[in-house]
Amino acid sequence: MGFIRNLSILSIVLLMLNSLLNVSGFVIKASAETQISAPQNLKVPALAYDENSITLVWEKPEDYKNIVDYNVYMDGKKIGSANHQAISPAKSHIDKFYADPNNSGHVKVVMHNFTAADLTPKTNYQFTVRAVDRNGNESTDSNTVSQSTTAVPKVFNVKEYGAVGDGKTLNTEAIQKAIDDCTPGGKVLIPEGIFKTGAIWLKSDMTLEVAEGATLLGSENADDYPYHYLLYDYSTDERFYSLINAHTYDYGSLSNIRIVGKGTIDGNGWKQNGTDPDGFPLSQTSSSTTVYENGILAKVQVERAEELGSAKPYPTRSNLITLRGVNNVYYSGFTALNPSNHTLVNLNSNNVTVNGVKLLTYDVNNADGIEFAHGDGLTVFNNVFDTGDDAMNFAAGLGASSEHEDSTKNAWIFNNYFREGHGAVVTGSHTGAWIENILAEDNVLYKTEVGLRCKTNPDNGGGARNIVFRDNAMKNIAKEGFIFTSAYSDANAAIEVEPAAVKGQFKDIVVKNITVDGTGKEAIKVEGVSDQFHENIHFENVLFMNAKATKINYLKNSSFTNVKFNNTKNPWAITNSTGLSFEGDTTVTPVSSDASGAPVWSKDSKLEAVNADDVSVTLKWAGAQDATGVKSYNIYDGETLLATVNGSVQTFKLTGLSPALTYNFKVEAADATGNWTKNGPSLQVKTTGSKDAIAPTAPIGDNILTLSTVSGGLGTSWAKINWLHASDQYGIQQYEIYVNDQLIGTADGNINAYTVTGLKPDTSYVIKIKAVDAAGNGTMYDTALQLTTKAVYDIGAPKWAAKSEIKAQAITQTSVKLSWSAASDDKAVNGYRIYQNGKPLEGKVKFTPINTENTVTGTSYRIEGLEPNTTYTFKIEAGDAAGKWTGTGPSLTITTKGPQNDKKK
């Protein structure tokens, strides 16, 4: 998508200048003579077409404030308009929302997608779109899109493979056989009925259709779902595979998968509790504490994980659908219900389209609607979200292990109806490789807990950036309207990773043209950390009605333009923030009236020492000036913070110093918002007395230096250590950490914990601690910690060398010997799979995308039983002990010898 791919700070600023909120009394109206801009970038999303329909989407022009609809033309003839098409399941809910007179003040959502139906198979059509203003005037044409419908696909009906739709018979084998037999471009059909199944595995170039009146029901038996699924290569928490899977670690070797239909995919995860007054399904209370009582599949999977020795069995529950490593994915039409864990998960998959799916999983614990991680290109529209956890969630890995992974990027979320759910659009908490370039627009959010939810833990690293959240109507938001927090933690998290070197943050975000009616908690909440502020977050034309006050902490270089609060007393509460600006019709109380400016020191300001002895200095300074008053002063020695005092204090005695040492003192001032000066007065002072020559005393006894006992205390590349404090007459200045006698880091003298990073897997190390006082006297602890890091994870599938090929030897009428060069792997290649004319040469145990079954462990194989004078194509895949297969591999076509050729010889 052109808009998303080119999103930058400049484009964000231009967008902010070019659009005003389309709400009565809150808008500058265009005249009837204003020229209407044409829609931009009309296109067909990935795989959004079949034998009788084509779906179109387009971007709004930069100036769209007067546009109320879009007319669609096919081969030069108008075939309908975006706002008057009933095919979207979200549209009826959106219309109902605006039909309520109490919602008349909300920003109006405009649809900008259209499905042309009842088309002829294998036929080309040309489309354009025109914008329509409130007076009925049309713009010029958009760009032209040419798209052909597909041929009528060959159908593989699972009933013809023995599947029984009685809701009781287990049909896993029959359904999988239909999938395996499906030819490229074919369709596997789940017909009317209830077809129970365990885990199934999709492949490239196929459609899985769950027909109207059909239910694909997950088995309630844990044995029907393979174990050992890992969310990331560096994961430590094994899980059960999903009900529906498409899986490869050879990313891109799977492609063109469609899951469609008007039927239902039911994970059978938890006991259900009927429907609410609006007809949405409800789950019985689901959580880690109720799983044994209310879980169905969830219960047996947790119990089985316990039997298998899982330290945290609750997160092992399977997802409803997981696609890993697929290029070009299309989901459409079906209803997703009752997963054991998450709902629709896309990992390392590119060009994913989700159109018109109903994700109805409320109140299933952890039941996120759509997840997207380490992929490029996601288009989500016309969907209904009523979820037990976050509705639309983005993830990008955790900690240092994710820093070299692909970011999660280029997503477009529009024309959806978000109902229940923890957050409507959510980035995190897995943020390590960055989540970036997201546009969420023209959605209705009703009763979600949060509108835009950005969450991480500082150690996760990365963050989210380049996000535009605009033209959305929000009502009855149960918690925060918008949250950007570095204080998120998950009690059920089981993944252990090395902390990121750079802490996570959220930046370069625009929230504009939004109406919010009612929040249960803060209208806007920002929680950064002192050494990693969130930054460049800009709110423009946002109307809060009946909302709670804001709470902003550790935010910098951000703006609030035309942000209005109705029925909110004292809406702004801002601390530890700097470079904030408030413009236009924005309600600002005194606490933030000088949010963009720090206190000011006079040119004559100076710092004095009025008294000094061996261990203390009394400092005095003239106060700084600020429009709303100085709130506090920080006193430093160089860059080390020694004390923070109230803004009314201008004389302070520093104690706990060391004799005969020179200190470089400095004082800086802050206002109530958190703007700090950077040019405060300074002074060099030397304490009296004789320099300390006595080294610290190391502790004695047990557990002097230990490995942390918390989860993740030891990993493949890190170790978390703790130690007992040393003692010193004048205090400990710092602790030095040594690894194999090399200094690798320091910790403040008040701290007794450290995470050693950058270690090698499966390697022994000796760690030592040295206590150092302010005078530089040091004492090495007698106790050393010896440890061995964990073995390296199996990262990815094996790899083939460039131009790898198969060689054929001893070709006869009925046999051939194949040989090839070995593939490589980060650990070891476990075996090779050989495919003959696309069919696997397997033993009694069938190949799956995740097991380790192979044709041969070596690099040669004789194939017998061939037909004379016949052409065969052979392909080879390589796999490792973790069941990760290449997906792609060398191939060779040969022709066996025939009787006629032998006679000639």
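Residues numbered from 1 in each chain as written. Predicted model: local features only at pLDDT ≥ 70, side-chain atom pairs only at ≥ 80, totals over all residues. Heavy atoms only, no water.

Trainee: Before we move on, can you summarise the overall build of the protein chain with the specific residues and values?
Mentor: For the protein chain, the helix and strand inventory stands at seven helices and 68 strands. Against the globule reference of 29 Å for 905 residues, the protein chain gives a C-alpha radius of gyration of 32 Å, in line with a compact fold. By principal-axis analysis of the C-alpha atoms, the protein chain measures approximately 110 × 75 × 55 Å. Each of the 905 residues in the protein chain was classed as buried or not, and the buried ones make up 57%. Across the protein chain, every contact between residues at least 6 apart in sequence was considered, and the portion connecting residues at least 24 apart equals 70%. (Helix = DSSP H or I, 4+ residues; strand = E, 2+ residues; numbered from the N terminus. Rg over C-alpha atoms; globule rule 2.2 N^0.38 Å. Buried < 20%, exposed > 50% of the residue type's maximum accessible area, 1.4 Å probe, protein only. Contact = heavy atoms within 4.5 Å.)

Trainee: Could you give an account of unusual backbone geometry, with specific residues and numbers?
Mentor: In this chain, Tyr362 is followed by Asp363 through a cis amide linkage whose omega measures 5°. Note that Asp363 resides in the loop between strand 27 (358-360) and strand 28 (370-373). At the junction of Gly428 and Ser429, the peptide bond is cis and its omega measures out at 15° in the coordinates. Residue placement: Ser429 occurs in the loop between strand 34 (423-427) and strand 35 (435-441). With a phi close to 55°, Asn41 is a non-glycine residue in the positive phi region. Secondary-structure assignment places Asn41 in strand 1 (residues 40-43). One non-glycine residue, Asn268, lies in positive phi territory at about 60°. Checked against the element boundaries, Asn268 lands in the loop between strand 19 (264-266) and strand 20 (272-275).

Trainee: Lay out the pattern of salt bridges in plain terms, naming residues and giving numbers.
Mentor: Applying the stated criterion across every chain, the model contains 32 salt bridges. Of the charged contacts in the structure, one is a salt bridge between Asp471 and Lys60, with a shortest N-O distance of 2.6 Å. Taken as a pair, Asp471 in strand 38 (residues 463-477) and Lys60 in the loop between strand 2 (54-59) and strand 3 (67-74) lie far apart in primary sequence, 411 residues in all. A salt bridge links Arg304 to Glu307; its shortest N-O distance comes to 2.9 Å. Placement of the pair is Arg304 and Glu307 together in helix 6 (residues 297-307), with a separation of three residues, close to one helical turn. When its relative accessible area of 62% is taken as the criterion, Glu307 is described as exposed. Taken together, the shared-partner salt bridges in this structure form one network comprising Lys60, Glu441, Asp442, Arg470 and Asp471. (Salt bridge = Lys/Arg side-chain N within 4 Å of Asp/Glu carboxyl O.)

Trainee: Pulling in residues and values, what's your account of the packing of aromatic side chains?
Mentor: The way to describe two aromatic rings as a pair is by their centre distance and the angle between their planes. Inspection of the entire model under this criterion finds 31 aromatic pairs. Ring-pair connections join several aromatic residues into one group, and the members of that group are Phe469, Phe482, Phe484, Phe539, Phe544, Phe560, Phe565, Trp572 and Phe582. Looking at Lys60, its charged tip hangs above the ring of Tyr64, at a distance of 3.9 Å from the centre. Looking at Lys884, its charged tip hangs above the ring of Tyr249, at a distance of 4.4 Å from the centre. (Phe/Tyr/Trp six-rings, centres within 6.5 Å; stacked < 30°, edge-to-face > 60°. Lys NZ or Arg CZ within 6 Å of the ring centre and 35° of its normal.)

Trainee: Can you explain the sheet that holds strand 53 (residues 682-686)? Please cite residues and give values.
Mentor: Pairing within the open sheet is antiparallel, and its four strands lie in the order 50-49-52-53. Looking at which strands have only one partner, the edges of the open sheet turn out to be strand 50 (640-646) and strand 53. Direction aside, neighbouring strands of the sheet carry axes that sit 25° apart on average. With five bridges connecting them, strand 52 (residues 662-671) and strand 53 associate as antiparallel partners. For Lys666, the partnering residue across the bridge sits in strand 53 and is Ser682. (Pairing = 2+ DSSP bridges. Axes fitted to C-alpha atoms, helices over the stretch in contact; angles between N-to-C directions.)

Trainee: Which residues make up the environment of Lys686, and what values go with them?
Mentor: Counting through the fold element by element, Lys686 comes out in strand 53. For Lys686, a relative accessible area of 54% translates into the label exposed. Distance in space between the C-alpha atoms of Lys686 and Val617 is 9.0 Å, their sequence separation being 69 residues.

Trainee: Describe in detail the sheet that holds strand 28, supporting the description with residues and values.
Mentor: Pairing is parallel in the open sheet, where twelve strands are placed in the order 12-17-22-25-28-31-34-37-39-41-43-45. The open sheet is flanked by strand 12 (200-201) and strand 45 (574-575), the only strands paired with a single partner.

Trainee: Before we move on, can you summarise the side chain of Arg258 with the specific residues and values?
Mentor: In this structure, Arg258 sits in strand 18 (residues 254-260). Despite being buried, Arg258 has no salt bridge partner; Asp50 is the closest side chain of opposite charge, sitting 4.2 Å away. Of note is the side chain of Arg258, whose polar atom sits 3.3 Å from the backbone oxygen of Leu47. Those residues in contact with Arg258 that lie beyond four places of it in its chain are Leu47, Tyr49, Asp50, Met206, Thr207, Leu208 and Tyr330. (Lys, Arg positive; Asp, Glu negative; His and termini not counted. Polar contact = N/O pair within 3.5 Å; in protein donor to acceptor, adjacent residues only side chain to side chain.)

Trainee: For the environment of Pro699, give the residues involved together with the corresponding values.
Mentor: By secondary structure assignment, the location of Pro699 is in the loop between strand 53 and strand 54 (705-707). Since its relative accessible area comes to 19%, Pro699 is described here as buried. Sequence separation of Pro699 and Ala726 is 27 residues, and the distance between their C-alpha atoms is 5.5 Å. Those residues within four positions of Pro699 in sequence are excluded, and the remaining contacts are Ile704, Leu724, His725, Ala726 and Tyr781.

Trainee: Can you explain the side chain of Gln505? Please cite residues and give values.
Mentor: With respect to the helices and strands, Gln505 occurs in strand 40 (residues 505-519). The contact partners of Gln505, leaving out residues within four places of it in the chain, are Trp434, Gly462, Gly463, Ala464, Gln532, Phe533, His534 and Glu535.

Trainee: Can you explain the environment of Phe484? Please cite residues and give values.
Mentor: One can find Phe484 in strand 39 (residues 482-485). Distance in space between the C-alpha atoms of Phe484 and Asp880 is 41 Å, their sequence separation being 396 residues. Phe484 has contacts with Leu452, Cys454, Phe506, Ile509, Lys525, Val526, Glu527, His534, Ile537 and Phe539, leaving out every residue within four places of it along the chain.

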